[in-house]
Amino acid sequence: MFGLALAYLRDRSLTTALNILLLAISVAMLVLLVQFGSQFSSRLDRDAQGVDLVVGAKGSPLQLILSSIFHIDQPTGNIPLDSLTMLRRDPAVIEAIPLALGDNFDGYRIVGTDASYATLYGAEIAEGKMFEAPMDAVLGAAVARKTGAQLGQQFIGSHGLETEEEDGQGHDHMPYKAVGILAPTGSVIDRLILTSVESVWDIHGIEHDHDEHEHTGHEHEAEHDHDKAQSHLSAGEGLQPELTAILISYRNAAGAIRIPAMINRQTEMQAAAPAVETARLLALFGAGIEGARIFAWILAATGGLAIFIALLNMARAREGDLALLRVMGASRSQVFGTIVLEGLITAAAGATVGIAAAHAALFVASRSFQTLGDLGLSATQFLPGELAIIMTVLLIGIVAALIPAMRIFRINLANSLARTS
Amino acid sequence: MTDSVLLEIDNLHYSINQRPILSGFELTIAAQNHHLLTGPSGSGKTTLINLICGLLVPEKGVIEIAGHDLAGLSESGRDKIRRENIGIVFQTLRLVSALDLSANLVLAQRLSRGQRDEALILSLLERLGIAHCAKAKPHQMSQGEAQRAAIARALVSRPRLLIADEPTSALDEANARQVADLLLECAGDYGVTLLIATHDERLNPLFPNRIALSAHMSKAA
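Cut-offs and rules
Residues numbered from 1 in each chain as written. Chains lettered and ligands numbered in written order. Predicted model: local features only at pLDDT ≥ 70, side-chain atom pairs only at ≥ 80, totals over all residues. Heavy atoms only, no water. Core = buried A, V, L, I, M, F, W, Y, C linked by side-chain atoms within 4.5 Å. Buried < 20%, exposed > 50% of the residue type's maximum accessible area, 1.4 Å probe, protein only. Helix = DSSP H or I, 4+ residues; strand = E, 2+ residues; numbered from the N terminus. Contact = heavy atoms within 4.5 Å. Pairing = 2+ DSSP bridges. Axes fitted to C-alpha atoms, helices over the stretch in contact; angles between N-to-C directions. Expected span 1.5 Å × (residues − 1). Bend = angle between axes of the 7 residues up to and from the residue. Salt bridge = Lys/Arg side-chain N within 4 Å of Asp/Glu carboxyl O.

Caption draft 1: Seen up close, the nonpolar core. Membership of the largest hydrophobic core comes to 117 residues, with the highest contact counts inside it found for Leu325(A) and Ile52(B). With 8 residues, helix α11 (residues 332-368) of chain A is the largest single contributor of residues to this core. Discounting residues that sit within four places of it in the chain, Ile52(B) has contacts with Leu7(B), Ile9(B), Ile63(B), Ile65(B), Leu70(B), Ile86(B), Leu161(B), Ile163(B) and Leu195(B). Counting 38 residues, the second largest nonpolar core, distinct from the first, contains Ala149(A), Ile181(A), Ile206(A) and Ile263(A).

Set out below in structure tokens:
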């Protein structure tokens, strides 16, 4: 009966193709939504993994998270260096990683930090070595790939998160030197340039003690002739070595209760939990995704309706054929099965084409759009959600075929033969 | 000629909308004893054929095909008797439209016997002179070719009784003659008994046995 169902579908190939197309479009949309939703949120989770709390200057907590974890926004401001010492001394903190942000090279953010930042993302050195001396820089995998930078390459950082043409804010008096390249991790660190906090200070002309890595909190005198964004909080009394944010991991659950409250109440800084802000971000996106999802399901229902109409017309126009099949010895259930199979085949073809199209689109998109590639969209990843979509679409195909197929039980064979023969 | 009785009808009653079409009808057809079923339109030829094929259920009376009584059977039981014993040729409804000729024949074999017999298909295509149409869709064939294809489709399941309802009425002189000749020849070759319902006068000289249904029953209404 399978061959017969196929033959009937081929017999009206235009209708079949249109029905398949209709279903394929809706399946592709649904798959893309599922893929975007899941890959986006898993990427967010991966980037925020290991970081329980971000401490930074007061402002929007979402901005703090976006700037210091996902590196897609401007920093909120600076915080004093002694806060790092204070947090490192806290028994509930297992790790505190300093971040000094502000510059970029070719759109890739330069992050002043220490080696533990790479460890946080499990990034290993693929070539060269970790930064040690001032102005040493380690390139993320994507940075090295896209800019084609080699070890020993010198480059100049410029202000902000994006490099604009001729913005004239380059620090050309102090070039960075690439000493290492990281292996790909699939996280945000791939498109960052890591250097030491001291290099960032140096470049902005902030004086500090090179030998003393573990700062004890005493204030450094800074040069006045190089006033830059890094220092606006303390601009009045000179440039202090400052940080942009501190990433914190708790040693135990008690920290989660005490530390945010302590920072928000007793200091001029704010503490933001990545989990909370990420959830807020997803909720913001969620409304849009939900709307698109409803639209796609309506499209799928339309596809089902189209199959229904096509099969209903077919069952009416083919009454003679169906009667002939019965006379030739086909049982009612065989003829019934043939019609249901037609709906099922159409739905299966639509689902297959849709999934293939969605993954092809993902492939093309991740190739041609830098930002999507950065988000870690992968075309070869299949999700359980897609299986659910396929099953639902197949069900739609069967249900759409049921009512037309039911006609075969109502056909009065002698009458249809009399009409058509 | 063998004496075995292929079709036995006794005291058959059937009416449509309270109008008796057949009452007390009797008929016995022995194997290899071809019959022509004649009568004007509305005299009940098609009704009788539908009854014999088990597509309609008689109000009263006995229809026995190769010793099986249709009366006591369910619909699927009647389907089975029809599948195993009867091939049917209609006036215009000939082949499944979506399939080409050979696929039609294979399907007919599968449906009736559950297996395929390529040799029989080839010999029928050859015998009926439509081997060149094997890959043609029904709408690509001429009237005559299509009717011969319908005969092949009916014979491919190796029926014992071949019932044809107006097989030649839609055809021109030459094609009608050719189809009638082929029906008779194939009946001999494949051991099939023919029962042909027609008002086509052209067939009369070819068949010695004639069952004439008259229209007088319907006049009562």
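Caption draft 2: Just the sheet that holds strand β7 (residues 161-165) of chain B, in detail. Residues and elements named next belong to chain B. The strand order across the open sheet built from 5 strands is β6-β7-β8-β3-β9, with neighbouring strands paired in parallel fashion. The sheet is open, and its two edges are formed by β6 (86-89) and β9 (209-212), each paired on a single side. Across the sheet, the mean angle from the axis of one strand to that of its neighbour is 20°, orientation sign disregarded. In this sheet, strand β8 (residues 193-197) lies alongside β7 in parallel orientation, the contact comprising 5 bridges. What sits directly across from Leu162, in β8, is Leu194. Relative to β7, helix α1 (residues 45-52) is tilted by about 150°, and along the sheet it contacts β3 (35-38), β6, β7 and β8.

Caption draft 3: Helix α13 (residues 384-410) of chain A, seen in detail. Residue and element names in this part refer to chain A. Over its 27 residues, α13 extends 40 Å from the first C-alpha to the last, a length consistent with the 39 Å expected when each residue adds 1.5 Å. At Leu402, α13 shows its largest bend, some 35°, and a proline, Pro404, comes one to four positions later. Buried residues of α13: Glu386, Ile389, Val393, Gly397, Ala400, Ala401, Pro404, Ala405 and Ile408, and no others. Packing partners of the buried residues in α13 comprise α2 (13-48), α9 (274-317), α10 (319-327) and α11.

Caption draft 4: Main features of the pattern of salt bridges. Enumeration according to the criterion identifies 19 salt bridges over all chains in this entry. As a salt-bridge pair, Glu118(B) and Arg116(B) come within 2.4 Å of each other at their nearest N and O atoms. A salt bridge links Arg127(B) to Glu185(B), with the nearest nitrogen and oxygen atoms 2.4 Å apart. Taken together, the residues span a long stretch of sequence, with Arg127(B) in helix α4 (residues 118-127) and Glu185(B) in helix α6 (residues 173-190) at a distance of 58 residues. According to the relative accessible area criterion, Arg127(B) is partly exposed, its value standing at 28%. What you see here is one network of salt bridges that share partners, running through Arg326(A), Arg332(A), Glu75(B), Asp79(B) and Arg82(B).

None of this, on its own, says anything about what the molecule does.
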